[in-house]
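# Descriptive structure summary
Each chain is listed here by its residues.
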Amino acid sequence: MQIKFNIVETIETEIYYGSYAIYILGGHYVKVNPDFHIKITNIDTNKDIELTENILKAKVFKYGRRAVKFYSFENMEYGKFKISVLNYNDMVVKDSQLEIFPLPFKIPLIINHFILGKSRKDKDINTIEILIA
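A brief report on the enclosed structure follows. (Residues numbered from 1 in each chain as written. Predicted model: local features only at pLDDT ≥ 70, side-chain atom pairs only at ≥ 80, totals over all residues. Heavy atoms only, no water.)

## So, the pairing of strand β2 (residues 11–15)
- Only one face of β2 is buried: it carries I11, T13 and I15, and the other face, with E12 and E14, is open.
- Pairing of β2 with strand β9 (residues 79–86) involves 5 bridges; the strand directions are antiparallel. Looking at the pairing, T13 lines up with F81 of β9. (Buried < 20%, exposed > 50% of the residue type's maximum accessible area, 1.4 Å probe, protein only. Helix = DSSP H or I, 4+ residues; strand = E, 2+ residues; numbered from the N terminus. Pairing = 2+ DSSP bridges.)

## What to know about the packing of aromatic side chains
- Counted under the stated rule, the structure contains 4 aromatic pairs.
- On the numbers, 5.3 Å between centres and 20 degrees between planes, the contact of Y20 with F73 is stacked. Taken together, the residues span a long stretch of sequence, with Y20 in strand β3 (residues 18–25) and F73 in strand β8 (residues 65–75) at a distance of 53 residues. Just as Y20 is buried, F73 falls in that class too.
- The ring of Y63 carries K4 above its face, with NZ or CZ at 4.4 Å from the centroid. (Phe/Tyr/Trp six-rings, centres within 6.5 Å; stacked < 30°, edge-to-face > 60°. Lys NZ or Arg CZ within 6 Å of the ring centre and 35° of its normal.)

## Here's the deal with the pattern of salt bridges
- Applying the stated criterion to the full structure yields 3 salt bridges.
- For K4, the salt bridge goes to E129, with nearest N and O atoms at 3.6 Å. Here the residue K4 occupies a position in strand β1 (residues 3–6), and E129 occupies one in strand β11 (residues 129–132), the gap between them amounting to 125 residues.
- Take K4: its relative accessible area is 39%, and that puts it in the partly exposed class.
- Its relative accessible area of 19% is what places E129 among the buried residues.
- With a closest N to O distance of 2.6 Å, R65 and E129 form a salt bridge. (Salt bridge = Lys/Arg side-chain N within 4 Å of Asp/Glu carboxyl O.)

Structure representation (structure tokens):
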């Protein structure tokens, strides 16, 4: 089961038993403020699912787009859930990971990005999506 929605939306959906991962779609570089979180609440019982933030954020491709595995969780009860993303306004998502490398290692990557024409600009908040799989 996969759930995909825009980061600015709040959705209601059914979630079955199992282990899930939450991906941020749009780029391989994601920077969020400390207050950023995703809230998954069971509509019937009003209980929140406890999310585990991944320390090492895996960079993968999902639906042909760059993605970062951000959270994981286990659902022990079937039900209808409300999913919302909070404090996402100052989130930064970029295609490349150039920001994490020290300057000497950035030079070949910067040249490569100019040749290939890749953008290092921040993604528009309306193009960022969340995938729960």
